[in-house]
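These are the residues of each chain, in order.
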Amino acid sequence: GISYFFFCHDKTWPEQPDPATIFAPIIEASANQNDDNCDINSSIEKKTIIFVRHGESTWNDTFNKGSHRSALAFAIGFIPGLIKSLLYEFYLLLSGKIDSWFYDSPLSHLGLSQIKSLSQFLNQDPSSVQSLTEDERQMLRILRGDPKSPPSRIVSSNLRRALSTVLERCCHG
């Protein structure tokens with residue numbers, strides 16, 4: 001694995017074309033035509049995508065400093081944290097449990113509190129939060145699933161940290 005990392009040639013991705021070169025002519029053509037005979041306007045639809053990241057996982061807790069602790073605290077706790085996670089992984093292997101600290105890692109204690117905070121935020125009435133712009137209020141309504149908001153879909157990874165984040169909101173929100 002280490003030799004592959006150093007000697008492989010697939011570390012760079014080929015540069016992709018700018019999407020504007022593909023879509024600009026279509027949008028320009030639709031702007032220049034009148035609405036009566038333009039099929040392009042009916043095929044272009046505006047969508048809003050809202051990304052919500054999962055809470056902190058045990059992997060993040062072990063290998064990333066995060067904003068909740070200083071670099072010194074992370075450096076001092078890294079080796080003990082790594083030993084703890086390796087021992088836990090070894091315990092899971094020996095006990096025959098199908099679980100892992102590293103592969104499909106669950107939410108950490110901080111991650112659980114983060115998704116509880118998200119759920120509390122989403123439970124607020126959008127009109128009562130004074131610091132939000134109107135667009136942000138609309139996004140909050142969509143995330144809450146308010147009846148008068150535009151239709152929406154929830155799409156999630158099948159990793160349990162992502163599913164736990166979604167289910168906290170759906171089941172306990």
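Residues numbered from 1 in each chain as written. Predicted model: local features only at pLDDT ≥ 70, side-chain atom pairs only at ≥ 80, totals over all residues. Heavy atoms only, no water.

1. Observations concerning the overall build of the protein chain
Scanning the protein chain from N- to C-terminus turns up 8 helices and 0 strands. Evaluated residue by residue, the protein chain yields a buried proportion of 20% over its 173 residues. Put simply, of all contacts in the protein chain between residues at least 6 apart along the chain, 46% involve residues at least 24 apart. About 13600 Å² of surface is accessible on the protein chain, with carbon and sulfur atoms providing 61% of the total. (Helix = DSSP H or I, 4+ residues; strand = E, 2+ residues; numbered from the N terminus. Buried < 20%, exposed > 50% of the residue type's maximum accessible area, 1.4 Å probe, protein only. Contact = heavy atoms within 4.5 Å. Areas by Shrake-Rupley, 256 points an atom, 1.4 Å probe, with all protein chains shown as cover.)

2. Concerning the pattern of salt bridges
Between side chains of opposite charge, a pair can form as their charged atoms come close. Under the definition given, this model contains 4 salt bridges. Among the ionic pairs, Arg-69 bridges to Asp-61, the shortest N-O distance being 3.7 Å. Its relative accessible area of 21% is what places Arg-69 among the partly exposed residues. By relative accessible area, which is 27% here, Asp-61 ends up partly exposed. Ionic pairing is found between Arg-144 and Asp-146, a salt bridge with its closest N-O pair at 3.0 Å. Owing to a relative accessible area of 25%, Arg-144 belongs among the partly exposed residues under this scheme. (Salt bridge = Lys/Arg side-chain N within 4 Å of Asp/Glu carboxyl O.)

3. So, the environment of Arg-153
Mapping Arg-153 onto the fold places it in the loop between α7 (134-144) and α8 (160-172). Residue Arg-153 is classed as exposed on the basis of its relative accessible area of 79%. In this structure, the C-alpha to C-alpha distance between Arg-153 and Ile-142, residues 11 residues apart in sequence, is 9.4 Å.

4. Here we look at the environment of Asn-64
Mapped onto the elements of the fold, Asn-64 is located in the loop between α4 (58-63) and α5 (71-95). Classification of Asn-64 as partly exposed rests on a relative accessible area of 36%. Asn-64 sits 14 residues away from Phe-78 along the chain, and the two C-alpha atoms are 9.1 Å apart. Discounting residues that sit within four places of it in the chain, Asn-64 has contacts with Trp-59, Arg-69 and Phe-74.

5. A look at a nonpolar patch on the surface
Residues Ile-22, Phe-23, Ile-26 and Ile-27 make up a contiguous nonpolar surface patch of about 370 Å² in total accessible area. Mapped onto the secondary structure, Phe-23 falls in helix α2 (residues 19-32). (Patch = residues over 30% accessible without salt bridge, like charges linked within 9 Å, V, L, I, M, F, W, Y side chains within 5 Å.)

6. Considering the packing of aromatic side chains
By the definition in use, this model includes 4 aromatic pairs. In textbook terms, an aromatic cluster arises when at least three aromatic residues are bridged by ring pairs, as seen for Trp-59, Phe-63, Phe-74 and Phe-78. (Phe/Tyr/Trp six-rings, centres within 6.5 Å; stacked < 30°, edge-to-face > 60°.)

7. A closer look at the confidence of the model for the protein chain
Here the protein chain averages 81 in pLDDT, while 83% of its residues score no lower than 70. Confidence, read as mean pLDDT per element, is least for helix α3 (residues 40-43) in the protein chain (56) and greatest for helix α6 (residues 109-122) (90). (pLDDT = per-residue confidence, 0-100.)

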